[in-house]
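Inside the fold
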Amino acid sequence: RPLYWSMAPTDKPIAMRAVVISGGTRVGSLYRLLHSLALMVSEGDRIDVDVWLDVPPGLVPAEVLEHRHRVKDEVEELGKNGTYRHGLIRAHVWDQHAGLQGQWYDAWDASIPGGLKEDTPEIGLILEDDLELSPFAWRWLKAAHLAYESDDRVAGFTLQRVELCAAR
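Residues numbered from 1 in each chain as written. Predicted model: local features only at pLDDT ≥ 70, side-chain atom pairs only at ≥ 80, totals over all residues. Heavy atoms only, no water.

All right, on to helix 1 (residues 27-38) then. The first and last C-alpha atoms of helix 1 sit 16 Å apart over 12 residues, in line with the 16 Å expected at 1.5 Å per residue. Buried within helix 1 we find Val27, Ser29, Leu30, Leu33, Leu34, Ser36, Leu37 and Ala38. Lining the buried residues of helix 1 we find strand 1 (16-22), strand 2 (47-53), helix 2 (62-80), strand 3 (89-93) and strand 4 (123-128). (Helix = DSSP H or I, 4+ residues; strand = E, 2+ residues; numbered from the N terminus. Expected span 1.5 Å × (residues − 1). Buried < 20%, exposed > 50% of the residue type's maximum accessible area, 1.4 Å probe, protein only. Contact = heavy atoms within 4.5 Å.)

Okay, here's the thing in structure tokens:
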């Protein structure tokens, strides 16, 4: 199989669910990420978004919980006011502190009605709140999925450069 594929749009509809995990404190970067998702070229495919807002460990002060719920309401307003048009956009506030690792483990399953199953048809994309996507991210992911969906050696794809070194 070639190591490249066509980036041309395809007619095969696929659904994606973007799962955004957030500590709930970097609201500006969260909104930047959601704006980039709204601008993404969807090619008519459904792209649902679930945003998960974490809470601090221990007893959560009422003002922190109120802030997380205000952010939740503002995120969901993006779908209601037509800013996000590719599918549903939902936001959730964790009942207790999940932490970054806990969110990576649990948010994808918690986002799927009824939980993940062997035949879940959606492509999942887990994003942290400090990212920004190219308008063509979905086109790349969809093409990669279509090219390698039946290859048992492939478990997933990334939008990160191979040579990225955070220490630079």
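Along strand 4, the buried face is formed by Ile123, Leu125 and Leu127; none of Gly124, Ile126 and Glu128, which line the opposite face, is buried. Two elements, strand 1 and strand 4, share six bridges in a ladder whose sense is parallel. Within the sheet, the bridge partner assigned to Arg17 lies in strand 4 and is Gly124. (Pairing = 2+ DSSP bridges.)

This part takes up the layout of surface pockets. Within this model, the largest pocket holds a volume of roughly 1000 Å³. Looking at the largest pocket, it is lined by 34 residues, and the ones nearest its centre are Gly124, Leu125, Leu141, Phe157 and Thr158. For the lining of the largest pocket, the secondary structure elements donating two or more residues are helix 3 (99-111), strand 4 and helix 4 (137-148). Here the lining of the largest pocket is built from residues that sort into 19 nonpolar, seven polar and eight charged. In this structure, the second largest pocket encloses a volume near 150 Å³. Along its surface, the second largest pocket is lined by 15 residues, and Ser22, Gly23, Asp54, Leu100 and Gln103 are the ones closest to its centre. Those elements giving two or more residues to the lining of the second largest pocket turn out to be strand 1 and helix 3. The element best represented in the lining of the second largest pocket is helix 3, accounting for three residues. Within the lining of the second largest pocket, the residues separate by chemical class into four nonpolar, six polar and five charged. (1 Å grid on protein atoms, 1.4 Å probe; cavity = no way out; pocket = protein on both sides within 12 Å on 5 of 7 lines; lining within 4 Å. Points joined across faces, edges and corners; volume = space filled by probe spheres on them. Nonpolar A, V, L, I, M, F, W, Y, C, P; charged D, E, K, R; others polar.)

Another aspect to go through is the sheet that holds strand 2. Spatial strand order, 3-2-1-4: four strands in an open sheet with parallel pairing. Two strands in the sheet have a free side with no partner beyond their single neighbour: strand 3 and strand 4. Strand-to-strand twist in this sheet, taken as the mean axis angle between neighbours without regard to direction, amounts to 20 degrees. Pairing between strand 2 and strand 3: five bridges, direction parallel. Within strand 3, the position partnered with Trp52 by the bridge is His92. Against the sheet, helix 2 contacts strand 2 and strand 3, and its axis sits at roughly 170 degrees relative to strand 3. (Axes fitted to C-alpha atoms, helices over the stretch in contact; angles between N-to-C directions.)

A few words now on the side chain of Ser42. The residue Ser42 is located in the loop between helix 1 and strand 2 in this model. The buried category is assigned to Ser42, whose relative accessible area is 11%. For Ser42, the residues in contact, after removing those within four places along its chain, are Ile47, His86 and Trp138.

This part covers the nonpolar core. Counting 30 residues, the largest nonpolar core has Met16, Leu34, Leu37, Val49 and Val51 as its most contacted members. For this core, the secondary structure elements donating two or more residues are strand 1, helix 1, strand 2, helix 2, strand 3, strand 4 and helix 4. Setting aside chain neighbours within four positions, we find Leu34 in contact with Val49, Val51, Val75, Leu78 and Ile89. (Core = buried A, V, L, I, M, F, W, Y, C linked by side-chain atoms within 4.5 Å.)

The subject of this paragraph is empty space enclosed by the protein. Once rolled over the atoms, a probe with the size of a water molecule shows which space is left empty. For the structure shown, the criterion picks out one cavity of 30 Å³ or more. A volume near 30 Å³ is recorded for the largest cavity. Examining the composition of the lining of the largest cavity, we find that three residues originate from one element, helix 1, more than from any other. Residue classes in the lining of the largest cavity are distributed as seven nonpolar, no polar and no charged.

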